[in-house]
Each structure stands twice: as C-alpha cells, then as structure tokens.
Amino acid sequence: MPVDYSGTWDIVSNVNFEGYMVALGIDFATRKIASVLKPQKVIEQKGDCFTIKTFTTFKNYDVSFKVGEEFKEVTKGLDNRLCQTVVNWDNDKLVCVQKGEKKNRGWTHWIQDGELHLELFCGEQVCNQVYKRTL
Ligand code: ECB
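Heads up: these notes are all about the structure in this document. Per chain, residues are indexed from 1 in the order of the written sequence. A pLDDT threshold of at least 70 governs which residues receive local features in this predicted model, and a stricter bar of 80 or more applies before side-chain atom pairs are shown or counted, although totals over entire chains, interfaces and linings include all residues. As a rule here, side-chain values come from all non-hydrogen atoms in the structure, and water together with hydrogens is ignored.

### Thoughts on the site of the ligand
Thinking step 1. Inspection of the region around the ligand gives 22 residues, with Phe17, Ile26, Lys41, Lys59 and His109 positioned closest.
Thinking step 2. Counted as a polar contact is a pair of N or O atoms within 3.5 Å, where, for protein atoms, one must be capable of donating a hydrogen and the other of accepting one, and residues adjacent in sequence contribute only when both atoms are in side chains. A distance of 2.7 Å separates an oxygen atom of the ligand from a polar side-chain atom of lysine 41.
Thinking step 3. With respect to the ligand, the side chain of histidine 109 contributes an N or O atom lying 2.7 Å from an oxygen atom.
Thinking step 4. Calculation on the ligand without its partners gives an accessible area of 640 Å², and the protein chains cover 97% of this total.
Thinking step 5. According to the grid-proximity analysis, the pocket containing the ligand is the largest cavity.
Thinking step 6. Of all the secondary-structure elements, those providing two or more residues to the shell around the ligand are helix 1 (17-23), helix 2 (28-34), strand 3 (49-55), strand 4 (60-66), strand 8 (106-112) and strand 9 (115-122).
Thinking step 7. Residues are grouped as follows: nonpolar covers Ala, Val, Leu, Ile, Met, Phe, Trp, Tyr, Cys and Pro; charged covers Asp, Glu, Lys and Arg; every other residue, Gly included, is treated as polar. Tallied by class, the residues present in the shell around the ligand amount to 15 nonpolar, 5 polar and 2 charged. Distances are taken per atom, and a residue is near a molecule or strand as soon as one of its heavy atoms is within 4 Å of it. Where accessible areas are quoted, they stem from the Shrake-Rupley method and a 1.4 Å probe; at the residue level, only the protein chains shown are allowed to cover. Points on a 1 Å grid over protein atoms alone make up a cavity when a 1.4 Å probe fits among them but cannot get out, and a pocket when they form an open set with protein on both sides within 12 Å along at least five of seven lines; lining residues each have an atom within 4 Å of a point. If over half the atoms of a molecule are within 2 Å of the grid points of a cavity or pocket, the molecule is regarded as sitting in it. Each helix is a run of DSSP H or I of at least 4 residues and each strand a run of E of at least 2, with the numbering of both proceeding from the N terminus.

Below is the structure:
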C-alpha cells in the first residue's frame with residue numbers, strides 16, 4: 001500500500017517555529033501572534049496530486065501541486081515571497097524545495113507511527129512539527 005497523507009491533522013508539537021519565522025524575516029509582532037497558533041492541516045491526495053491546506057485562527061494558507069512538477073508559489077500572507085517550488089518523493093517522504101530569495105528553503109513531510117511529521121527549514125533554521133489525525 002502506498003502512503004496516503006489524506007486527512008485532517010491537528011498539531012501536537014512545534015519546535016523552533018520562532019527560529020524559522022526569524023529566518024523568513026517575519027516581524028516581532030506577527031511572530032508573537034503566530035507562536036501561539038495551533039495549525040490544522042487538511043490534506044487531499046489523489047495519486048501524485050496534492051492539496052495541503054493549513055488553517056489557523058489568524059491566517060490560512062493553501063498550496064496545490066503535482067509531485068515532480070515545478071510551479072511558482074507565492075507565500076501569500078506568510079512572508080509573501082515568490083518561490084520556484086517542486087515537491088518530490090523520497091521513498092514515502094514528500095520533499096519540497098522552495099527556490100528563491102531565501103537559501104536552503106523547503107519542507108519535508110513523512111508519516112511515522114500514524115503521526116504526520118513536518119520539518120520546515122530556511123537557511124540554518126529547522127522547525128519540527130508533529131500532527132495527529134483528528135478523532
Ligand atoms: C497558515 C499558518 C499561518 C501561521 C503563521 C502566520 C504568520 C507568520 C508568517 C510566516 C511564517 C512562515 C510560515 C508559516 C507556517 C506555516 C504555514 C505553512 C507551512 C508550510 O509550508 O506548509 C507546507 C507543508 O505542509 C504546505 O504549505
């Protein structure tokens with residue numbers, strides 16, 4: 001059975017989101033608000049086609065892509081940058097590279113013990129988030 005990321009996922013841990021936001025140049029006031037948010041991910045996966053929606057009480061962010069197909073991503077409402085983005089499979093991991101003004105920017109998703117993991121990175125900073133399926 002291939003991995004299926006589809007579902008609704010609630011955050012249970014979030015390590016160094018602050019460092020990741022600093023690396024993206026997010027201002028102090030926005031970081032203070034963002035640091036207490038509890039994001040929920042709603043993922044739709046149909047083969048290699050994905051929609052990942054991130055919901056919070058402050059802002060929402062959506063991205064849709066096909067694995068292996070480069071696209072232009074504007075991180076609207078986040079740091080508002082234009083990236084040339086591509087997501088590839090690394091075995092069952094989803095590996096995203098966001099090429100643009102910020103070096104070494106991207107994220108990786110994987111599922112381990114039924115939990116959804118997300119590593120967000122920018123420059124030298126790495127943020128690690130874990131999500132559980134909603135009951
Ligand atoms: C939608 C969540 C917004 C919470 C933070 C609001 C303001 C802070 C501004 C910028 C911080 C940088 C990123 C926000 C963190 C999470 C949003 C999406 C992270 C992401 O890239 O998720 C990927 C992988 O699941 C799909 O977009």
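Still more to cover.
### What about the pairing of strand 1 (residues 7-15)?
Thinking step 1. Between any two strands, pairing holds if DSSP finds at least two bridges. Relative to strand 2 (residues 40-46), strand 1 runs antiparallel, the two being bridged by 4 bridges. From the neighbouring strand, threonine 8 faces strand 2, where its bridge partner is valine 42.
Thinking step 2. Pairing of strand 1 with strand 10 (residues 125-133) involves 6 bridges; the strand directions are antiparallel. When the sheet's bridge partners are listed, tryptophan 9 is paired in strand 10 with arginine 133.

### Side note on the environment of lysine 53
Thinking step 1. Mapped onto the elements of the fold, lysine 53 is located in strand 3.
Thinking step 2. Between the alpha carbons of lysine 53 and glutamine 40 there is a distance of 8.1 Å; along the sequence they are 13 residues apart.
Thinking step 3. Sequence-distant contacts of lysine 53, defined by excluding residues within four places in its chain, comprise Gln40, Lys41, Val42, Glu44, Tyr61 and Asp62. Note on contacts: a residue pair qualifies if any of its non-hydrogen atoms lie within 4.5 Å across the two residues.

### Overview of the packing of aromatic side chains
Thinking step 1. Pairing of aromatic side chains requires ring centres within 6.5 Å, counting the rings of Phe and Tyr and the six-membered ring of Trp. Pairs whose planes differ by under 30 degrees are stacked, by over 60 edge-to-face, and all others tilted. As enumerated under the stated definition, the model contains 7 aromatic pairs in all.
Thinking step 2. With a centroid separation of 6.4 Å and an interplanar angle of 35 degrees, the aromatic rings of tyrosine 5 and tryptophan 89 are classed as tilted. Of this pair, tyrosine 5 sits in the segment before strand 1 while tryptophan 89 sits in strand 6 (residues 82-90), and the two are 84 residues apart along the sequence.
Thinking step 3. An aromatic cluster is built from Tyr5, Phe50, Phe65, Phe71, Trp89 and Trp107, whose rings are joined through pairwise contacts.

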